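Structural features, examined
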Amino acid sequence: MVNEVPTLEAQKEEAPIVEGTERTRERRAYIPRSDIYETDDTIVVLADMPGVDEESIEITLEKNVLTITAYAESSDLDGYELVYAEYESGDYTRRFTLSDQIDQTKIEASLRDGVLKLMLPKAEPAKARTIKVKAG
Amino acid sequence: MYRRYLRPSLWREMERLQRDMNQLVGGLGSRVVTPASFPAMNVWTGDDTAVITAEVPGVSADEIDISVVGETLTLSGERKPEDLEGGVRYHRRERGGGRFSRSIELPFRVDADKVEAAYDKGILRVTLPRAEADKPRKITVRAA
């Protein structure tokens with residue numbers, strides 16, 4: 001059931017490296033855990049991206065492919081030594097194909113507590129126009 | 001066959017060297033441990049202070065309880081799923097929710113009154129100063 005809340009997962013899932021390509025940065029990239037839901041007029045995407053700030057998120061929508069990339073700053077603490085690690089900070093990347101037409105001018109994105117929220121308003125269906133044929 | 005001629009202690013030494021080399025080459029990547037449960041934590045130590053950082057996206061700061069007893073730090077709280085009105089259709093649901101509680105052993109006893117916590121961008125950072133009584137004491141030897 002897609003409506004059930006999954007159990008909490010602590011480990012980030014690593015993004016696979018696309019064959020024939022290499023990452024430009026020597027860091028790990030993760031697939032942010034995401035929820036996608038739809039209301040009558042909007043598609044909402046929520047993505048967990050701890051450590052990311054607003055400026056580092058890039059969202060593009062080309063045709064109907066939504067791409068989210070973000071860079072989390074390295075979490076090194078000055079004057080401290082990392083003695084035990086369960087996570088690393090890295091990049092986030094994910095792509096979704098949307099089935100609906102989106103009104104690109106009205107997309108809104110916000111970031112709160114390390115969670116990205118994207119509001120994608122559906123484009124109004126092209127209104128059927130009746131064309132009257134005038135008698136000549 | 002060489003083995004016979006080498007002293008066991010030398011073999012152990014070589015194994016240790018190899019292990020160290022592997023760690024050096026692997027960087028942090030090979031040292032990252034799979035977290036036992038939510039949230040994932042990192043432990044840092046400095047001069048008489050330990051810092052714990054944890055990835056807790058989507059949990060607001062006031063929903064996290066931090067408690068320190070002796071050398072054990074416990075983080076607990078709840079990640080609440082978003083409240084949605086009816087008529088919503090989910091296409092994908094991967095973000096977990098529910099209560100969590102996790103304890104971690106600290107490298108030393110801490111002064112519970114001086115523990116500080118900050119939350120930013122989904123990451124919790126708890127600063128734990130070492131208890132005064134736990135600090136190693138220097139003993140001066142007096143000439144008789």
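Residues numbered from 1 in each chain as written. Chains lettered and ligands numbered in written order. Predicted model: local features only at pLDDT ≥ 70, side-chain atom pairs only at ≥ 80, totals over all residues. Heavy atoms only, no water.

Description of the nonpolar core
By size, the foremost hydrophobic cluster in this structure holds 26 residues, and its most contacted members are B:Ile52, B:Val56, B:Leu73 and B:Leu128. Excluding its chain neighbours within four sequence positions, the residues that come into contact with B:Leu73 are B:Ile52, B:Ile66, B:Ser67, B:Val68, B:Arg102, B:Ser103, B:Ile104, B:Leu106, B:Val126 and B:Leu128. Membership of the second largest hydrophobic core comes to 20 residues, among which are A:Val45, A:Ala72, A:Ile102 and A:Leu120. (Core = buried A, V, L, I, M, F, W, Y, C linked by side-chain atoms within 4.5 Å. Buried < 20%, exposed > 50% of the residue type's maximum accessible area, 1.4 Å probe, protein only. Contact = heavy atoms within 4.5 Å.)

Quick notes on the side chain of B:Thr49
Turning to its location among the elements, B:Thr49 is positioned in strand E2 (residues 49-55). Excluding anything up to four places from it in sequence, B:Thr49 contacts A:Tyr80, B:Trp44, B:Phe108, B:Thr127, B:Leu128, B:Pro129 and B:Arg130. (Helix = DSSP H or I, 4+ residues; strand = E, 2+ residues; numbered from the N terminus.)

Thoughts on unusual backbone geometry
Excluding glycine, most residues fall at negative phi; most peptide bonds, likewise, are trans. Cis peptide bonds are those with omega within 30 degrees of zero, and the linkage from B:Phe38 to B:Pro39 qualifies with -5°. In this fold, B:Pro39 is placed in the loop between helix H1 (8-26) and strand E1 (41-46). At A:Lys63, a residue that is not glycine, the phi angle is positive and equals roughly 55°.

Overview of the pairing of strand E3 (residues 34-38) of chain A
Residue and element names in this part refer to chain A. Burial analysis of E3 places five of its five residues in the buried class, the great majority of the element. On E3, burial covers both faces: Ser-34, Ile-36 and Glu-38 on one face and Asp-35 and Tyr-37 on the other are all buried. Judged from the five bridges that link them, E3 and strand E4 (residues 42-48) form a sheet pairing that is antiparallel. In the strand pairing of E4, Ile-36 is matched with Val-45. (Pairing = 2+ DSSP bridges.)

Regarding the layout of surface pockets
One number sums up the size of the second largest pocket: a volume of about 490 Å³. The wall of the second largest pocket is formed by 22 residues, among which A:Arg112, B:Gly58, B:Lys80, B:Glu82 and B:Arg95 lie closest to the centre. Counting residues per element, the ones that place at least two in the lining of the second largest pocket are strand E9 (108-112) and strand E10 (115-121) of chain A together with strand E5 (89-93) of chain B. Considering each element in turn, the lining of the second largest pocket owes the most residues, three residues, to E9(A). Residue composition of the lining of the second largest pocket, by class: seven nonpolar, five polar and ten charged. (1 Å grid on protein atoms, 1.4 Å probe; cavity = no way out; pocket = protein on both sides within 12 Å on 5 of 7 lines; lining within 4 Å. Points joined across faces, edges and corners; volume = space filled by probe spheres on them. Nonpolar A, V, L, I, M, F, W, Y, C, P; charged D, E, K, R; others polar.)

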